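Below are the chains, spelled out letter by letter.
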Amino acid sequence: MHKIIKNENGFEYIEVKNSAAKAKIALQGAHIFEYTRQDKNNLLWLSEKSVFEQGVAIRGGIPLCWPRFGSLDESLQQHGFARVSMFKLINVNELNEFSTEVLFELRDTKESRALWNHQFILEVKMVISQTLSISMKTKNLDEKDFMITQAFHTYFSISNIQNISIKGLENKFYFDTLLDDKHKEDQAIKVEKEIDRVYIDTDDEVFLIDKDKNIKLHTLGSASTVVWNPWIEKSAKMSYMSKNAYKEFVCIESANAFDDFVMVKSKKTHTLSLTISF
Ligand code: BG6
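Everything numeric in this text was worked out from a predicted model, so none of it was measured.

Cut-offs and rules
- Sequence order sets the numbering: in each chain, residues are counted from 1 along the sequence as written.
- Where totals are concerned, whole chains, interfaces and linings use all residues; where local detail is concerned, this predicted model gives features only for residues with pLDDT of at least 70, and gives and counts side-chain atom pairs only at 80 or more.
- As a rule here, side-chain values come from all non-hydrogen atoms in the structure, and water together with hydrogens is ignored.
- When the centres of two rings from Phe, Tyr and Trp lie within 6.5 Å, Trp using its six-membered ring, the rings pair. Their planes under 30 degrees apart give stacked, over 60 give edge-to-face, and anything left gives tilted.
- The secondary structure listing takes helices from DSSP runs of H or I that are at least 4 residues long and strands from runs of E that are at least 2 residues long, numbered from the N terminus.
- Summary of the burial criterion: residues with accessible area below 20% of their type's maximum are buried, those above 50% are exposed, and those between are partly exposed, where the area comes from a 1.4 Å probe applied to protein chains only.
- Think of it this way: one heavy atom of a residue within 4 Å of a molecule or strand is enough to make that residue near it.
- Pairs of N or O atoms within 3.5 Å make up the polar contacts considered here, provided that, within protein, one atom can donate a hydrogen while the other can accept it, and that residues adjacent in sequence are counted only when both atoms are side-chain atoms.
- Using the Shrake-Rupley algorithm and a 1.4 Å probe, accessible areas are obtained, with residue cover drawn only from the displayed protein chains.
- Any residue that is not Ala, Val, Leu, Ile, Met, Phe, Trp, Tyr, Cys, Pro, Asp, Glu, Lys or Arg is counted as polar, Gly included; the first ten are nonpolar and the last four charged.
- Only heavy atoms enter the contact rule, under which two residues are in contact if any of them lie within 4.5 Å.
- Put simply, a salt bridge is a Lys or Arg side-chain nitrogen that is within 4 Å of an Asp or Glu carboxyl oxygen.
- At least two DSSP bridges between two strands are needed for those strands to be called paired.
- Put simply, buried Ala, Val, Leu, Ile, Met, Phe, Trp, Tyr and Cys residues joined by side-chain atoms within 4.5 Å make one nonpolar core.
- All axes here are fitted lines through C-alpha atoms, helices being fitted over the stretch that makes contact, and every angle between N-to-C directions spans 0 to 180 degrees.

Student: Quick rundown of the packing of aromatic side chains? Include the residues and the values.
Tutor: For any pair of aromatic rings, geometry is given as the distance between the ring centres together with the angle between the planes. A complete count under the given rule lists 19 aromatic pairs for this structure. Ring geometry for Trp66 versus Phe81: centroids 6.0 Å apart, planes at 90°, classification edge-to-face. You can see Trp66 sitting in the loop between β5 (64–65) and β6 (88–96) and its partner Phe81 sitting in the loop between β5 and β6, a full 15 residues away along the chain. The burial state of Trp66 is the same as that of Phe81; both residues are buried.

Printed below as a string of structure tokens:
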């Protein structure tokens, strides 16, 4: 079952329900901000201060960073324009009682070409089921190759930041954007202060271990993983975030970031996909 809901600001989202799970996905940004299995709470953190307004990225869920991750490009806003662009809902396909597939599309417009002068189709597919799967397929319609960086900027809801650890990134080099330096550690990650790292050459599987759940991220088409938590001071300064929010979430972002950019050849495609299970 699914329905389109519009709030008082005209902000639209689709609500999907089947026997396995429930999800809410905004048409702006093809942005999933709730995924709840029948027996569980929302897997995705959503800021209580988030506003659902056109042109403002939802603070939480899974923002899609595209065609850029980060803010290295002066002509593009931080994390690109996809997360604040209106996607077209192409299809909702009830695959079976436990599984619903939702397909969105974003195409270049006069406005997007003014920011990033390329012709493209960005196809976003989600499967709401016992697991949550999401993919972004970039199609290059240009005569020339183009370069993208990107991420599923997943905000995971956690019991408390002090309870979690992140496994699967041990012995991987990471670029610490706070220190502007490269490091490597042989231990699982514990978050005890602000963290903003881009792990390089990462494997397909990363695990988030919490007190009461074990979450597996399985990623394809990505070679970097970002781990981010703003901690106390930055939480208080960030837009649409309360000062204690840092305790409630951690971002593990399946990415192609910094040097790990993707050249999408003319008339070809590239797909980044993520399956979250727990
Ligand atoms: C992370 C970056 O991916 O996103 C951080 O590594 C950044 O540096 C964070 O602060 C949030 O970005 P934004 O644009 O959503 O406030």
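Student: I'd like a description of the site of the ligand, backed by residues and values.
Tutor: In the vicinity of the ligand, the contacting residues are Arg59, Phe69, Gln78, His79, Arg83, His153, Asp196, Val226, Trp228, Met238 and Glu253. In the model, an oxygen atom of the ligand is placed 3.0 Å from a nitrogen or oxygen of the His79 side chain. With the chains in place, 82% of the 400 Å² that the ligand exposes on its own is no longer accessible. Split into classes, the residues belonging to the shell around the ligand amount to 4 nonpolar, 3 polar and 4 charged.

Student: Residues and numbers for the side chain of Thr100, please.
Tutor: Mapped onto the secondary structure, Thr100 falls in strand β7 (residues 99–107). Of note is the side chain of Thr100, whose polar atom sits 3.0 Å from the side chain of Asn18. Aside from chain neighbours lying at most four places away, what touches Thr100 is Val16, Asn18, Val92, Asn93, Glu94, Leu95, Met126, Val127 and Ile128.

Student: Tell me what's going on with the pattern of salt bridges, and back it up with residues and numbers.
Tutor: Counting across every chain of the model gives 15 salt bridges. Here Glu15 and Lys3 are joined by a salt bridge, their closest N and O atoms 4.0 Å apart. Highlighted residues: Glu15 in strand β2 (residues 12–17) and Lys3 in strand β1 (residues 2–6), separated in sequence by 12 residues. The exposure class assigned to Lys3 is partly exposed, which follows from its relative accessible area of 41%. Salt-bridge contacts for Lys216 lead to Glu205; the nearest nitrogen and oxygen are separated by 3.5 Å. A residue pair is termed long-range when its members are at least 10 positions apart, and Lys216 in strand β17 (residues 214–220) and Glu205 in strand β16 (residues 205–209) qualify at 11 residues.

Student: An account of the environment of Lys234 is needed here, citing residue identities and associated values.
Tutor: Checked against the element boundaries, Lys234 lands in helix α2 (residues 231–237). Residues Lys234 and Glu194, 40 residues apart in the sequence, show an inter-C-alpha distance of 8.1 Å. Beyond its immediate chain neighbours, meaning those up to four positions away, Lys234 contacts Leu178 and Glu194. Within the local environment of Lys234, its side chain forms a polar contact with the side chain of Glu194, the two groups lying 2.7 Å apart.

Student: How would you explain the side chain of Ser224 if you had to name every residue and give the values?
Tutor: Counting through the fold element by element, Ser224 comes out in strand β18 (residues 224–229). Residue classification places Ser224 among the buried residues on the basis of a relative accessible area of 2%. Within the local environment of Ser224, its side chain forms a polar contact with the backbone nitrogen of Ala257, the two atoms lying 2.9 Å apart. Setting aside anything within four residues of it in sequence, one finds Ser224 in contact with Val198, Tyr199, Thr202, Glu253, Ser254, Ala255, Asn256, Ala257 and Asp260.

Student: So what about the pairing of strand β3 (residues 21–26)? Which residues, and what values?
Tutor: Most of β3 is tucked away: 5 of the 6 residues are buried. Bridging between β2 and β3 involves 5 bridges; their strand directions are antiparallel. Of the residues in β3, the one forming a bridge with Lys17 is Lys22.

Student: For the nonpolar core, give the residues involved together with the corresponding values.
Tutor: Ile32, Phe104, Ile128 and Ile166 are the most contacted members of the largest nonpolar core, which has 59 residues in total. No other element matches strand β8 (residues 120–128), which puts 5 residues into this core. With residues near it in sequence (within four places) discarded, Ile166 still touches Ala188, Ile189, Val206, Phe207, Leu208, Val227, Val250 and Ile252.

Student: How would you summarise the sheet that holds β17 if you had to cite specific residues and measurements?
Tutor: Taking strand neighbours across the sheet as the criterion, the 8 strands line up as β6-β7-β8-β9-β21-β17-β16-β12 in an open arrangement whose pairing is antiparallel. Edge positions in the sheet fall to β6 and β12 (165–167), since each has one partner strand and no second. Averaged over all neighbouring strand pairs, the angle between strand axes comes to 15°, with direction disregarded. With 5 bridges connecting them, β16 and β17 associate as antiparallel partners. Bridge pairing links Leu208 to Ile215 in β17.

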